[in-house]
Amino acid sequence: MTVKTYVVTEEDVDVRLDKLLTKLNENYSRQQIQTWIKEQLVTVNDEQYKANYKCKLGDRIQWEIPEEEEIEIKPESIPLDILYEDDYLIVINKPKGMLVHPTQTETSGTLVNALMYHCKQLSNLNGDERPGIVHRLDKDTSGLLVAAKDNITHEQLKIQFQEQTVERIYEAIVFGVISHSSGIIKAPIGRNPKNRLQMAVVSDGKYAETHFRVIERFKEHTHVQCELKTGRTHQIRVHLKYMNHPIVGDELYVRKKSTLIQGQALFAKLLSFHHPHTNERMTFTIDRPKDFENLLHFLRNNS
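Residues numbered from 1 in each chain as written. Predicted model: local features only at pLDDT ≥ 70, side-chain atom pairs only at ≥ 80, totals over all residues. Heavy atoms only, no water.

Caption draft 1: Quick peek at the overall build of the chain. When helices and strands are counted, the chain shows six helices and 14 strands. In terms of overall dimensions, the chain is globule-like: its C-alpha atoms have a radius of gyration of 22 Å, near the 19 Å expected for 303 residues. Principal-axis analysis of the C-alpha atoms gives the chain an extent of 60 × 50 × 35 Å. For the chain, the residues scored as buried account for 46% of the 303 residues in total. Considering only contacts in the chain between residues 6 or more positions apart, those separated by 24 or more positions represent 65%. (Helix = DSSP H or I, 4+ residues; strand = E, 2+ residues; numbered from the N terminus. Rg over C-alpha atoms; globule rule 2.2 N^0.38 Å. Buried < 20%, exposed > 50% of the residue type's maximum accessible area, 1.4 Å probe, protein only. Contact = heavy atoms within 4.5 Å.)

Caption draft 2: Spotlight on the pairing of strand S4 (residues 82-85). Taken together, the three bridges between S4 and strand S5 (residues 89-94) define a ladder with antiparallel strand orientation. Within S5, the residue paired with Ile82 across the bridge is Ile92. Between S4 and S5, which pair antiparallel one after the other, the connecting turn spans three residues. (Pairing = 2+ DSSP bridges.)

Caption draft 3: Fine view of helix H1 (residues 17-24). Along H1, the residues classified as buried are Leu17, Asp18, Leu20, Leu21 and Thr22. Among the structural elements, strand S1 (2-7), helix H2 (30-38), strand S2 (42-44) and strand S3 (60-65) are those in contact with the buried residues of H1.

Caption draft 4: View of the nonpolar core. Ranked by internal contacts, the top residues of the largest apolar core, which has 55 residues, are Leu115, Val146, Ile173, Ile236, Ile247, Ala265 and Phe273. Each residue touching Ile236, except ones within four places of it in the same chain, is listed here: Tyr170, Thr210, Cys226, Leu228, Ile247 and Leu266. Within the second largest apolar cluster, 17 residues are counted, among which are Val8, Tyr28, Val44 and Ile61. (Core = buried A, V, L, I, M, F, W, Y, C linked by side-chain atoms within 4.5 Å.)

Caption draft 5: Quick look at the environment of Ile169. Topologically, Ile169 is positioned in strand S7 (residues 167-175). For the pair Ile169 and Gln225, spaced 56 residues apart in sequence, the C-alpha separation works out to 6.9 Å. Those residues in contact with Ile169 that lie beyond four places of it in its chain are Gln225, Cys226, Glu227, Phe267, Ala268, Lys269 and Leu270.

Caption draft 6: Spotlight on the side chain of Thr153. Among the structural elements, Thr153 can be located in helix H4 (residues 151-162). The exposure class assigned to Thr153 is buried, which follows from its relative accessible area of 0%.

Caption draft 7: Main features of the pattern of salt bridges. In this structure the tally under the stated criterion is 14 salt bridges. Among the salt bridges present, the one from Arg237 reaches Asp138, with a minimum N-O distance of 2.8 Å. With a gap of 99 residues between them, Arg237 in helix H5 (residues 235-242) and Asp138 in the loop between helix H3 (111-118) and strand S6 (142-148) connect regions that are remote in the sequence. Judged by relative accessible area, which is 22%, Asp138 ranks as partly exposed. Members of the salt-bridge network, linked through shared partners, are Glu11, Asp12 and Lys23. (Salt bridge = Lys/Arg side-chain N within 4 Å of Asp/Glu carboxyl O.)

Caption draft 8: Geometry of the sheet that holds S1. Judged by pairing direction, the sheet is antiparallel, and its three strands sit side by side in the order S1-S3-S2 without closing on themselves. Here the strands that pair on one side only, and so sit at the sheet edges, are S1 and S2. Strand after strand, the sheet turns through a mean of 15° between neighbouring axes, direction not considered. Sheet topology places S1 next to S3; six bridges connect them, and they run antiparallel. Within the sheet, the bridge partner assigned to Thr5 lies in S3 and is Gln62. Contacts from H1 reach S1, S2 and S3, with the element oriented near 60° to S3. (Axes fitted to C-alpha atoms, helices over the stretch in contact; angles between N-to-C directions.)

Caption draft 9: Seen up close, the packing of aromatic side chains. Applying the stated rule across the entire model yields five aromatic pairs. Look at Tyr49 and Tyr53: their rings are 4.3 Å apart centre to centre, the planes differ by 40°, and that puts the pair in the tilted class. Following the ring pairs from residue to residue traces out a cluster consisting of Tyr84, Phe273 and Phe284. (Phe/Tyr/Trp six-rings, centres within 6.5 Å; stacked < 30°, edge-to-face > 60°.)

Caption draft 10: Geometry of the pairing of S7. With seven of nine residues buried, S7 is to be regarded as a mostly interior element. Two elements, S7 and strand S13 (residues 266-274), share six bridges in a ladder whose sense is antiparallel. Considered in S13, the bridge of Ala172 is made with Leu266. Inspection of the sheet shows S7 paired to strand S12 (residues 221-228) by seven bridges, in the antiparallel sense. Its bridge partner lying in S12, Ile169 is registered against Glu227.

Caption draft 11: A look at unusual backbone geometry. Residue Asp46 is not a glycine yet carries a positive backbone phi of 70°. For Asp46, the position within the fold is in the loop between S2 and S3. Judged by its relative accessible area of 61%, Asp46 is exposed. Even without a glycine there, the phi angle at Asn279 is positive, about 65°. Secondary-structure assignment places Asn279 in the loop between S13 and strand S14 (281-285). For Asn279, a relative accessible area of 55% corresponds to the exposed category.

Right, dumping it as C-alpha coordinates:
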(Lines give C-alpha, C1' and ligand atoms only; values in the text may rest on other atoms or scores of the structure.)
Protein backbone atom coordinates (compact mmCIF):
# COMPACT_ATOMS: atom_id res chain seq x y z
CA MET A 1 0.00 0.00 0.00
CA THR A 2 0.99 3.61 -0.58
CA VAL A 3 0.89 5.78 2.56
CA LYS A 4 0.35 9.54 2.27
CA THR A 5 0.23 12.36 4.81
CA TYR A 6 -1.30 15.86 4.72
CA VAL A 7 -1.46 18.64 7.30
CA VAL A 8 -4.65 20.72 7.19
CA THR A 9 -4.18 24.36 6.18
CA GLU A 10 -6.43 27.37 6.80
CA GLU A 11 -8.30 26.97 3.52
CA ASP A 12 -9.24 23.38 4.48
CA VAL A 13 -10.65 24.21 7.93
CA ASP A 14 -14.23 22.85 8.41
CA VAL A 15 -14.06 20.87 5.16
CA ARG A 16 -15.41 17.32 5.47
CA LEU A 17 -12.74 14.66 5.72
CA ASP A 18 -14.00 12.70 2.71
CA LYS A 19 -14.30 15.86 0.60
CA LEU A 20 -10.74 16.97 1.41
CA LEU A 21 -9.32 13.53 0.64
CA THR A 22 -11.21 13.48 -2.66
CA LYS A 23 -9.55 16.77 -3.54
CA LEU A 24 -6.13 15.35 -2.60
CA ASN A 25 -6.67 12.12 -4.57
CA GLU A 26 -7.92 13.21 -7.99
CA ASN A 27 -7.84 9.70 -9.47
CA TYR A 28 -10.28 8.32 -6.91
CA SER A 29 -14.01 8.96 -6.41
CA ARG A 30 -15.56 10.23 -3.20
CA GLN A 31 -17.25 6.85 -2.82
CA GLN A 32 -13.84 5.11 -2.90
CA ILE A 33 -12.51 7.57 -0.31
CA GLN A 34 -15.46 6.85 1.95
CA THR A 35 -14.71 3.13 1.63
CA TRP A 36 -11.11 3.78 2.76
CA ILE A 37 -12.45 5.60 5.82
CA LYS A 38 -14.86 2.74 6.66
CA GLU A 39 -12.05 0.22 6.26
CA GLN A 40 -9.95 2.27 8.74
CA LEU A 41 -7.31 3.19 6.19
CA VAL A 42 -7.57 6.87 7.20
CA THR A 43 -6.51 8.47 10.46
CA VAL A 44 -6.61 12.03 11.77
CA ASN A 45 -3.96 12.67 14.41
CA ASP A 46 -3.62 8.86 14.67
CA GLU A 47 -7.32 8.42 15.46
CA GLN A 48 -10.25 7.08 13.43
CA TYR A 49 -13.03 9.46 12.36
CA LYS A 50 -16.12 9.26 10.18
CA ALA A 51 -16.32 10.71 6.67
CA ASN A 52 -18.24 13.79 7.88
CA TYR A 53 -15.50 14.86 10.32
CA LYS A 54 -14.83 18.60 9.93
CA CYS A 55 -11.11 19.17 9.54
CA LYS A 56 -9.28 21.48 11.97
CA LEU A 57 -6.17 23.60 11.41
CA GLY A 58 -3.03 21.52 11.85
CA ASP A 59 -4.79 18.14 11.73
CA ARG A 60 -2.39 15.47 10.49
CA ILE A 61 -4.26 13.23 8.07
CA GLN A 62 -2.68 9.95 7.03
CA TRP A 63 -4.19 7.50 4.58
CA GLU A 64 -3.28 4.27 2.87
CA ILE A 65 -4.10 3.76 -0.82
CA PRO A 66 -4.90 0.09 -1.44
CA GLU A 67 -3.02 -1.61 -4.24
CA GLU A 68 -5.27 -2.14 -7.25
CA GLU A 69 -5.64 -5.64 -8.58
CA GLU A 70 -3.39 -6.24 -11.55
CA ILE A 71 -5.26 -6.32 -14.83
CA GLU A 72 -4.48 -9.28 -17.05
CA ILE A 73 -4.22 -7.97 -20.59
CA LYS A 74 -4.38 -10.45 -23.43
CA PRO A 75 -3.59 -9.80 -27.10
CA GLU A 76 -6.74 -9.89 -29.22
CA SER A 77 -7.14 -10.20 -32.97
CA ILE A 78 -9.06 -6.96 -33.47
CA PRO A 79 -8.90 -5.24 -36.88
CA LEU A 80 -6.99 -1.95 -36.87
CA ASP A 81 -7.35 0.96 -39.32
CA ILE A 82 -3.62 1.67 -39.75
CA LEU A 83 -2.55 4.82 -41.59
CA TYR A 84 1.19 4.40 -41.05
CA GLU A 85 3.56 1.96 -39.39
CA ASP A 86 7.32 1.44 -39.13
CA ASP A 87 9.73 -0.13 -36.64
CA TYR A 88 9.23 2.73 -34.16
CA LEU A 89 5.59 3.82 -34.17
CA ILE A 90 2.12 3.20 -35.52
CA VAL A 91 -0.63 5.70 -36.42
CA ILE A 92 -4.21 4.44 -36.11
CA ASN A 93 -7.71 5.69 -36.79
CA LYS A 94 -9.43 4.58 -33.57
CA PRO A 95 -13.12 3.75 -33.97
CA LYS A 96 -15.84 5.26 -31.82
CA GLY A 97 -16.81 3.03 -28.91
CA MET A 98 -13.33 1.58 -28.34
CA LEU A 99 -11.44 2.25 -25.11
CA VAL A 100 -7.79 3.11 -25.59
CA HIS A 101 -6.59 0.92 -22.70
CA PRO A 102 -8.12 -1.58 -20.26
CA THR A 103 -9.69 -0.55 -16.96
CA GLN A 104 -10.64 -2.49 -13.85
CA THR A 105 -14.09 -3.10 -15.35
CA GLU A 106 -13.24 -3.46 -19.07
CA THR A 107 -10.21 -5.60 -19.82
CA SER A 108 -10.86 -6.66 -23.40
CA GLY A 109 -11.77 -5.12 -26.75
CA THR A 110 -9.50 -2.11 -26.21
CA LEU A 111 -6.94 -0.57 -28.53
CA VAL A 112 -4.18 -1.92 -26.28
CA ASN A 113 -5.49 -5.48 -26.71
CA ALA A 114 -5.39 -4.99 -30.48
CA LEU A 115 -1.92 -3.41 -30.45
CA MET A 116 -0.50 -6.23 -28.35
CA TYR A 117 -1.68 -8.73 -30.96
CA HIS A 118 -0.48 -6.69 -33.94
CA CYS A 119 2.91 -5.42 -32.68
CA LYS A 120 5.87 -7.55 -31.60
CA GLN A 121 6.81 -4.99 -28.95
CA LEU A 122 5.43 -1.78 -27.43
CA SER A 123 6.82 0.87 -25.08
CA ASN A 124 6.11 0.52 -21.37
CA LEU A 125 6.75 4.07 -20.11
CA ASN A 126 3.08 4.35 -19.14
CA GLY A 127 3.15 1.00 -17.35
CA ASP A 128 2.37 -2.56 -18.36
CA GLU A 129 -1.36 -1.82 -18.51
CA ARG A 130 -0.91 0.92 -21.15
CA PRO A 131 1.76 -0.42 -23.53
CA GLY A 132 2.53 1.91 -26.43
CA ILE A 133 0.07 4.57 -25.31
CA VAL A 134 1.50 8.09 -25.66
CA HIS A 135 -1.80 10.00 -25.66
CA ARG A 136 -5.46 9.06 -25.49
CA LEU A 137 -8.84 9.63 -27.07
CA ASP A 138 -12.11 9.25 -25.17
CA LYS A 139 -14.03 6.03 -25.78
CA ASP A 140 -16.68 7.74 -27.92
CA THR A 141 -14.20 9.98 -29.76
CA SER A 142 -12.90 8.43 -32.96
CA GLY A 143 -9.85 9.50 -34.92
CA LEU A 144 -6.09 9.70 -35.11
CA LEU A 145 -3.76 8.39 -32.44
CA VAL A 146 -0.04 7.50 -32.45
CA ALA A 147 1.43 4.66 -30.38
CA ALA A 148 5.11 3.94 -29.68
CA LYS A 149 6.88 0.62 -30.08
CA ASP A 150 9.88 1.43 -27.85
CA ASN A 151 10.66 3.71 -24.91
CA ILE A 152 13.02 6.04 -26.80
CA THR A 153 10.34 6.75 -29.41
CA HIS A 154 7.75 7.15 -26.65
CA GLU A 155 9.89 9.63 -24.71
CA GLN A 156 10.58 11.73 -27.81
CA LEU A 157 6.90 11.85 -28.74
CA LYS A 158 6.02 12.72 -25.13
CA ILE A 159 8.41 15.69 -25.26
CA GLN A 160 6.75 16.95 -28.45
CA PHE A 161 3.35 16.81 -26.76
CA GLN A 162 4.72 18.67 -23.73
CA GLU A 163 6.36 21.33 -25.91
CA GLN A 164 3.14 21.71 -27.92
CA THR A 165 4.81 20.96 -31.25
CA VAL A 166 2.30 18.20 -32.01
CA GLU A 167 -0.62 19.51 -34.04
CA ARG A 168 -3.99 18.01 -33.12
CA ILE A 169 -7.12 19.17 -34.90
CA TYR A 170 -10.62 17.93 -34.15
CA GLU A 171 -14.06 18.60 -35.59
CA ALA A 172 -17.24 18.80 -33.53
CA ILE A 173 -20.92 19.66 -33.92
CA VAL A 174 -22.28 21.65 -31.01
CA PHE A 175 -25.60 22.95 -29.77
CA GLY A 176 -26.34 26.60 -30.46
CA VAL A 177 -24.97 29.06 -32.99
CA ILE A 178 -21.47 30.33 -32.19
CA SER A 179 -21.36 34.03 -33.10
CA HIS A 180 -17.57 34.41 -33.32
CA SER A 181 -15.85 33.06 -36.42
CA SER A 182 -12.86 31.97 -34.31
CA GLY A 183 -11.46 32.26 -30.82
CA ILE A 184 -9.17 30.96 -28.09
CA ILE A 185 -10.42 29.36 -24.88
CA LYS A 186 -8.00 29.57 -21.97
CA ALA A 187 -9.66 28.05 -18.92
CA PRO A 188 -8.13 25.71 -16.27
CA ILE A 189 -9.56 22.20 -16.09
CA GLY A 190 -9.82 19.90 -13.09
CA ARG A 191 -12.13 17.32 -11.55
CA ASN A 192 -15.72 18.54 -11.14
CA PRO A 193 -16.23 18.76 -7.35
CA LYS A 194 -19.96 18.08 -7.80
CA ASN A 195 -19.58 15.09 -10.14
CA ARG A 196 -16.41 12.98 -10.01
CA LEU A 197 -17.13 11.47 -13.41
CA GLN A 198 -16.85 14.88 -15.03
CA MET A 199 -14.09 17.38 -15.57
CA ALA A 200 -14.88 21.10 -15.34
CA VAL A 201 -13.42 24.58 -15.54
CA VAL A 202 -12.23 25.18 -11.97
CA SER A 203 -10.00 27.88 -10.50
CA ASP A 204 -7.41 25.42 -9.19
CA GLY A 205 -7.37 23.27 -12.34
CA LYS A 206 -4.52 22.71 -14.79
CA TYR A 207 -3.88 25.23 -17.56
CA ALA A 208 -5.81 24.33 -20.71
CA GLU A 209 -5.96 26.07 -24.08
CA THR A 210 -8.19 25.31 -27.07
CA HIS A 211 -8.37 27.24 -30.36
CA PHE A 212 -11.62 27.04 -32.33
CA ARG A 213 -12.86 28.08 -35.77
CA VAL A 214 -16.41 27.93 -37.10
CA ILE A 215 -16.75 25.82 -40.23
CA GLU A 216 -20.50 26.04 -40.80
CA ARG A 217 -23.54 27.41 -38.95
CA PHE A 218 -27.01 25.88 -38.92
CA LYS A 219 -30.35 26.94 -37.44
CA GLU A 220 -29.60 25.65 -33.93
CA HIS A 221 -26.14 24.07 -34.26
CA THR A 222 -22.57 24.88 -35.29
CA HIS A 223 -19.92 22.78 -37.02
CA VAL A 224 -16.60 23.77 -35.47
CA GLN A 225 -12.91 22.91 -35.74
CA CYS A 226 -10.88 22.74 -32.53
CA GLU A 227 -7.12 22.67 -32.12
CA LEU A 228 -5.63 21.42 -28.86
CA LYS A 229 -2.70 23.34 -27.45
CA THR A 230 -2.79 21.32 -24.22
CA GLY A 231 -4.16 17.83 -23.63
CA ARG A 232 -6.32 17.77 -20.52
CA THR A 233 -8.90 15.05 -19.94
CA HIS A 234 -12.13 15.83 -21.87
CA GLN A 235 -10.62 19.22 -22.78
CA ILE A 236 -12.63 20.03 -25.93
CA ARG A 237 -15.83 18.70 -24.40
CA VAL A 238 -15.35 20.77 -21.23
CA HIS A 239 -14.27 23.97 -23.01
CA LEU A 240 -17.16 23.89 -25.47
CA LYS A 241 -19.61 23.32 -22.63
CA TYR A 242 -17.97 26.22 -20.78
CA MET A 243 -18.84 28.34 -23.86
CA ASN A 244 -22.45 27.14 -23.48
CA HIS A 245 -22.07 25.16 -26.71
CA PRO A 246 -21.84 21.51 -25.58
CA ILE A 247 -21.19 18.78 -28.13
CA VAL A 248 -24.18 17.00 -29.65
CA GLY A 249 -24.51 13.46 -28.31
CA ASP A 250 -22.20 13.99 -25.32
CA GLU A 251 -24.21 12.20 -22.64
CA LEU A 252 -21.72 12.97 -19.88
CA TYR A 253 -21.90 16.76 -20.31
CA VAL A 254 -25.36 17.26 -21.85
CA ARG A 255 -28.48 16.52 -19.83
CA LYS A 256 -30.70 15.98 -22.86
CA LYS A 257 -29.95 12.82 -24.82
CA SER A 258 -29.58 13.26 -28.55
CA THR A 259 -31.39 11.14 -31.13
CA LEU A 260 -29.30 12.65 -33.93
CA ILE A 261 -26.11 10.65 -33.34
CA GLN A 262 -24.84 7.79 -31.17
CA GLY A 263 -22.06 9.13 -28.93
CA GLN A 264 -20.57 12.62 -29.13
CA ALA A 265 -20.16 14.34 -32.49
CA LEU A 266 -16.41 14.73 -32.11
CA PHE A 267 -13.46 13.17 -33.92
CA ALA A 268 -9.70 13.70 -34.20
CA LYS A 269 -9.22 14.75 -37.82
CA LEU A 270 -5.54 15.70 -38.06
CA LEU A 271 -2.37 14.63 -36.26
CA SER A 272 1.06 16.06 -37.09
CA PHE A 273 4.44 15.50 -35.41
CA HIS A 274 8.13 15.05 -36.11
CA HIS A 275 9.27 11.47 -36.48
CA PRO A 276 11.45 10.82 -33.39
CA HIS A 277 14.21 9.16 -35.42
CA THR A 278 14.21 10.89 -38.82
CA ASN A 279 12.89 14.29 -37.68
CA GLU A 280 10.63 14.27 -40.74
CA ARG A 281 7.40 16.18 -40.22
CA MET A 282 4.56 13.68 -40.58
CA THR A 283 0.96 14.80 -41.05
CA PHE A 284 -2.06 12.52 -41.14
CA THR A 285 -5.70 13.35 -41.85
CA ILE A 286 -8.87 11.28 -42.09
CA ASP A 287 -12.27 11.79 -43.66
CA ARG A 288 -15.26 12.58 -41.48
CA PRO A 289 -16.90 9.48 -40.02
CA LYS A 290 -20.11 8.42 -41.71
CA ASP A 291 -22.34 9.23 -38.72
CA PHE A 292 -20.75 12.70 -38.50
CA GLU A 293 -21.40 13.35 -42.22
CA ASN A 294 -24.96 12.07 -41.86
CA LEU A 295 -25.57 14.54 -39.03
CA LEU A 296 -24.18 17.42 -41.12
CA HIS A 297 -26.42 16.40 -44.02
CA PHE A 298 -29.45 16.31 -41.69
CA LEU A 299 -28.69 19.74 -40.24
CA ARG A 300 -28.23 21.30 -43.70
CA ASN A 301 -31.57 19.95 -44.84
CA ASN A 302 -33.34 21.22 -41.74
CA SER A 303 -31.86 24.71 -41.44
